[in-house]
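Spelled out, the chains give:
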Amino acid sequence: ERAKAMSEFTDFKQRVREREAEAHTQAEERIQALTREVTEAKQDFRVRVSEFENCMKALQKQMEAEKANAGLSKEELESIDRLHKQELEALRASVASEAASLKALHEQAINALKRQHEGEVKDLKQKSSAELEELVQSTNRKYNEMLAQSMAKEDDLNAEIARLKAQLEN
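Treat the numbers as computed from the prediction; the structure is a model and nothing was measured. (Residues numbered from 1 in each chain as written. Predicted model: local features only at pLDDT ≥ 70, side-chain atom pairs only at ≥ 80, totals over all residues. Heavy atoms only, no water.)

J.: Talk me through the overall build of the protein; I want residue IDs and the actual numbers.
T.: The secondary structure content of the protein amounts to 2 helices and 0 strands. Against the compact-globule benchmark of 15 Å for 170 residues, the protein has a radius of gyration of 39 Å, which places it well outside the compact range. Oriented by its inertia axes, the alpha-carbon framework of the protein measures out at about 145 × 20 × 10 Å. Expressed as a percentage of its 170 residues, the buried residues of the protein come to 14%. In the protein, the share of contacts with a sequence separation of at least 24, taken over all contacts with a separation of at least 6, comes to 87%. When the accessible surface of the protein is summed, it comes to about 13,300 Å², and 53% of that surface belongs to carbon and sulfur atoms. Of the side-chain charges in the protein, 29 are positive and 35 negative, and the distance between the mean point of each set is 2 Å. (Helix = DSSP H or I, 4+ residues; strand = E, 2+ residues; numbered from the N terminus. Rg over C-alpha atoms; globule rule 2.2 N^0.38 Å. Buried < 20%, exposed > 50% of the residue type's maximum accessible area, 1.4 Å probe, protein only. Contact = heavy atoms within 4.5 Å. Areas by Shrake-Rupley, 256 points an atom, 1.4 Å probe, with all protein chains shown as cover. Lys, Arg positive; Asp, Glu negative; His and termini not counted. Charge placed at Lys NZ, Arg CZ, Asp CG, Glu CD.)

Next comes the structure, spelled out in structure tokens:
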């Protein structure tokens, strides 16, 4: 009985370890997948920013060439230049906002996964505690039954000894 209980307990510990390892692996896989998605989004974003900068450089060159050929007055050129700078700043602000949004989204996803992982680990610990408690109670019940049987046999043997002594004395 004791060997069986120890075997059950060893099996229980192994199942708990396996469940915890599986939950940890799943959480790590989710984090890695999200990290890959965010990395890809960042790379796409960098490509778009690079294309945007190249486009802006080309537009600047084109504008400078048009300025030289347009024969516009200095005030008109300065006005066009101010508008161009305002548009550039607005586009830069938009790009910065999108970068911040991507970063916040990545952090939210990672935090959500961490909370989920912590919850799963907590649940597993609670389950293992409950299973351990049940195993301890079951083992204690079996031990008490064995002890009661042993004491009953001892009482029976003591009664038999007393009976035999009484027969020998008669």
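J.: I'd like a description of the pattern of salt bridges, backed by residues and values.
T.: Overall, the coordinates contain 8 salt bridges when judged by the stated rule. When the shortest N-O distance is used, the salt bridge between Glu8 and Lys142 registers 3.7 Å. Of the two residues, Glu8 is situated in helix α1 (residues 2–70) and Lys142 in helix α2 (residues 74–169); the sequence distance between them amounts to 134 residues. Among the residues examined, Glu8 registers a relative accessible area of 26% and is labelled partly exposed. (Salt bridge = Lys/Arg side-chain N within 4 Å of Asp/Glu carboxyl O.)

J.: Requested: an account of the environment of Glu169, with residues and values cited.
T.: When you line up the elements, Glu169 lands in helix α2. Classification of Glu169 as exposed rests on a relative accessible area of 68%. Measuring from C-alpha to C-alpha, the distance between Glu169 and Ile80 comes to 131 Å, with 89 residues separating the pair along the chain.

J.: Which residues make up the environment of Leu91, and what values do they have?
T.: Take Leu91: it is sitting in helix α2. A residue is classified by how much of its surface remains accessible, and Leu91, at 35% relative accessible area, is partly exposed. As for Leu91 and Met56, which are separated by 35 residues in sequence, their C-alpha atoms are 9.9 Å apart. When residues no more than four places from it in sequence are discounted, the contact partners of Leu91 are Phe52 and Met56.

J.: Give a description of a nonpolar patch on the surface that names residues and reports values.
T.: A contiguous nonpolar patch, built from Tyr143, Met146, Leu147 and Met151 and spanning about 390 Å² of accessible area, is present on the exposed surface. Here Met151 lies in helix α2. For Met151, a relative accessible area of 47% gives the class partly exposed. (Patch = residues over 30% accessible without salt bridge, like charges linked within 9 Å, V, L, I, M, F, W, Y side chains within 5 Å.)

J.: Talk me through the side chain of His106; I want residue IDs and the actual numbers.
T.: Mapped onto the fold, His106 is located in helix α2. By relative accessible area, which is 17% here, His106 ends up buried. Once you skip the residues sitting within four places of it in the chain, His106 turns out to touch Leu34, Thr35 and Val38.

Don't take any of this as a statement about function, it's just geometry.
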